[in-house]
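Overview (structure and organization)
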Amino acid sequence: MSSQNFYILGIESSCDDTAASVIHNGRILSNVVASQKIHEEFGGVVPELASRAHQQNIVPVVHQAIEKAGISKEKLSAIAFTRGPGLMGSLLVGTSFAKSLAYGLNIPLIDVNHMQGHILAHFIEEDGFEKPPFPFLAMTISGGHTQIVRVDNYFEMNVIGETIDDAVGEAFDKSGKILGLGYPAGPEIDRRATLGNPKAFKFTKPKVDGLNFSFSGFKTAVLYFIQREVKANPNFIVENLNDICASIQYTIIGILIDKLKLATKQTGISHIAIGGGVSANSGIRKALKDGEQKFGWTTYIPKFEFTTDNAAMIAIVGYLKYLEGDFAEQDIVASARLKI
Ligand code: KG4
Ligand code: ZN
């Protein structure tokens, strides 16, 4: 198949990043992301502002992706787009744009599940990165999702554990907000955690049965802890910020690793791939690598640019579906709660 020349354009607009990428036989030619800064001042993504920004960004971002790939749009074999899950107003922009472009160029349209994108990003052809063998476990950790997925084949996957409330990225972001850090707080907590003592403060881990997660109680525990300490010492946060960040991150990593240990025990699968924005976290990456020695895992950690939302992951799913002739009709609609 790879002797053929397939060019797939991927479009991602599920949350607050407008992204487009062109992939040629599984290899990335361009990967453009326009992140929306507007949400920072609100401490979280404002859906209405996100969809307006997508409308402004989508034409230049797609144009740039095609230009950087060094091809003309007439060369494209198909258009892949994120159908869901995500914010409806944001998804609508990418969906409508993809539909009209595919219609105009008279080429196939391919719908992609965003979460499958995070998982199948591991199949992008990249020098120095190995692809996980089937079956493997994928842990998708982002601002919107926390799941453990058993992946038996490209499109045979089952969620075996997920959060019952907040996503792990929200645990980072909401804890950061309590500490007065900017949005999103994950990267800042990560940076400060490397400078602090992870055992300085102890937060209890939530007790959730099986492979499911819960993070809303953790956030409340951080809030009460900070309120109590600040009452006793108004400078508590400034004086201990790195230690607080390190302790928060240490607890979150512990929660994730405990569940992965249980998942490998229950399934007998020890190949573990991670994806989603939180997999950029240096502590999580290290804990997974350490798991190779400690628990006999083989881990697959994506290239940094494929962890947070991007369109290369949408384009690779588009390519895999293209090879199977799995196309969408023009009457397809966006689906905010699309399941794997
Ligand atoms: O996948 P993503 O870009 O968007 C969603 O689909 O949510 O993930 C964004 C999330 C945010 O919660 C952000 O704080 C978190 O990923 N994040 C991190 C790091 N980089 C991004 N969390 C912890 N450590 C990081 N280094
Ligand atoms: Zn995502």
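Residues numbered from 1 in each chain as written. Chains lettered and ligands numbered in written order. Predicted model: local features only at pLDDT ≥ 70, side-chain atom pairs only at ≥ 80, totals over all residues. Heavy atoms only, no water.

**What to know about the coordination of the zinc ion (ligand 2)**
Here the zinc ion (ligand 2) is held by the protein donor atoms His 114 (NE2), His 118 (NE2) and Asp 309 (OD), which lie 2.1 to 2.2 Å from it. Because the angles between the four donor atoms bound to the zinc ion (ligand 2) fall within 91 to 152 degrees, the donor set is best described as irregular. Each donor residue of the zinc ion (ligand 2) lies on one chain, and together they are spaced H-x3-H-x190-D. Here His 114, found in helix H3 (residues 114-120), pairs with Asp 309, found in the loop between strand E10 (298-300) and helix H9 (312-324); they are 195 residues apart in sequence, far enough to count as distant. By relative accessible area, which is 15% here, Asp 309 ends up buried. (Donors = N, O, S within 2.8 Å, 3.2 Å for Na, K, Ca; no water. Tetrahedral: all angles 85-135°; square planar, octahedral: opposite > 155°, others 65-115°. Helix = DSSP H or I, 4+ residues; strand = E, 2+ residues; numbered from the N terminus. Buried < 20%, exposed > 50% of the residue type's maximum accessible area, 1.4 Å probe, protein only.)

**What about the pairing of strand E9 (residues 271-275)?**
Taken across its five residues, E9 has four buried, putting it largely inside the fold. Pairing of strand E6 (residues 136-141) with E9, which is carried by four bridges, proceeds in the parallel orientation. Along E9, the bridge assignment pairs Met 139 with Ile 274. Both E9 and E10 contribute to a ladder of three bridges, which runs parallel. Paired with Ala 273 across the bridge in E10 is Tyr 300. For the crossover from E9 across helix H8 (residues 282-295) to E10, the handedness is right-handed. (Pairing = 2+ DSSP bridges. Right-handed = clockwise from strand over helix to strand, strands pointing away.)

**Some remarks on the sheet that holds strand E3 (residues 27-35)**
The strand order across the open sheet formed by five strands is E3-E2-E1-E4-E5, and the pairing between neighbours is mixed. Only two strands of the sheet have a single neighbouring strand rather than two, namely E3 and strand E5 (109-113). For this sheet the average axis-to-axis angle between neighbouring strands, irrespective of direction, equals 20 degrees. Note that strand E1 (residues 7-12) and strand E4 (residues 78-84) share four bridges and pair parallel. Opposite Ile 8, over in E4, you have Ala 78 as the bridge partner. Its contacts with the sheet put helix H1 (residues 47-69) on E1, strand E2 (17-24) and E3, and the angle it makes with E2 is roughly 20 degrees. (Axes fitted to C-alpha atoms, helices over the stretch in contact; angles between N-to-C directions. Contact = heavy atoms within 4.5 Å.)

**Here's the deal with the nonpolar core**
Grouped together as the largest cluster of nonpolar side chains are 42 residues, with contacts concentrated most on Leu 179, Ile 252, Leu 256 and Leu 288. Put simply, the parts of the chain that give this core at least two residues each are E6, helix H4 (168-178), helix H6 (216-232), helix H7 (236-267), E9 and H8. In terms of residues, this core owes the most to one element, H7, which gives 13 residues. Among residues more than four places away in sequence, those in contact with Leu 256 are Met 139, Ile 141, Val 168, Phe 213, Phe 215 and Ile 284. Residues Ile 119, Phe 136, Tyr 300 and Val 317 belong to the second largest nonpolar core, which totals 29 residues. (Core = buried A, V, L, I, M, F, W, Y, C linked by side-chain atoms within 4.5 Å.)

**Looking at the pattern of salt bridges**
Note that side chains of opposite charge can pair when their charged atoms are close. With the rule as written, the count across this model stands at 15 salt bridges. Between Lys 321 and Asp 111 there is a salt bridge whose closest N-O contact spans 3.7 Å. On the criterion of sequence distance, the pair formed by Lys 321 in helix H9 and Asp 111 in strand E5 is long-range, its members being 210 residues apart. Overall, Asp 111 belongs to the buried group, its relative accessible area being 15%. (Salt bridge = Lys/Arg side-chain N within 4 Å of Asp/Glu carboxyl O.)

**Structural notes on the packing of H1 against helix H2 (residues 88-105)**
One can describe the packing of H1 onto H2 by two numbers: an axis separation of 8 Å at closest approach and a directional angle of 30 degrees. Between H1 and H2, the crossing angle belongs to the class labelled roughly parallel. As H1 packs across H2, the resulting crossing turns out to be right-handed. Here Ala 50, Ser 51, His 54, Gln 55, Ile 58, Val 59 and Val 62 of H1 come into contact with H2, specifically with Gly 89, Ser 90, Val 93, Gly 94, Phe 97 and Leu 101. Split into classes, the residues belonging to the contact of H1 with H2 amount to seven nonpolar, six polar and no charged. (Parallel < 35°, antiparallel > 145°, perpendicular 65-115°, else oblique. Left-handed = near helix turned anticlockwise from the far one by under 90°. Nonpolar A, V, L, I, M, F, W, Y, C, P; charged D, E, K, R; others polar.)

**Some words on the site of ligand 1**
With respect to spatial proximity, 19 residues lie near ligand 1, and among them Gly 143, Asp 173, Asp 190, Gly 277 and Asn 281 are the closest. One of the backbone N or O atoms of Gly 144 is found 3.2 Å from an oxygen atom in ligand 1. In this structure, an oxygen atom belonging to ligand 1 sits 2.9 Å away from a main-chain N or O atom of Gly 277. For ligand 1, whose free accessible area comes to 550 Å², the fraction covered by protein is 89%. Sorting the residues of the shell around ligand 1 by element identifies H3, H4 and helix H5 (186-193) as the ones contributing at least two each. For the shell around ligand 1, a count of residues per class yields five nonpolar, 11 polar and three charged. (Near = heavy atom within 4 Å. Polar contact = N/O pair within 3.5 Å; in protein donor to acceptor, adjacent residues only side chain to side chain. Areas by Shrake-Rupley, 256 points an atom, 1.4 Å probe, with all protein chains shown as cover.)

**What to know about the side chain of Asn 25**
Looking at where Asn 25 falls in the secondary structure, it is placed in the loop between E2 and E3. Only 2.9 Å separates the side chain of Asn 25 from the backbone nitrogen of Phe 6, close enough to count as a polar contact.

**Quick word on H2**
In this model, H2 (18 residues) spans 26 Å end to end at C-alpha, consistent with the 26 Å of a helix rising 1.5 Å per residue. Of the positions making up H2, those classed as buried are Ser 90, Leu 91, Val 93, Gly 94, Thr 95, Ala 98, Lys 99, Leu 101 and Ala 102. Contact partners of the buried residues in H2: E1, H1, E4 and E5. Phi turns positive one or two residues past the end of H2, at Asn 106, with a value near 55 degrees. (Expected span 1.5 Å × (residues − 1).)

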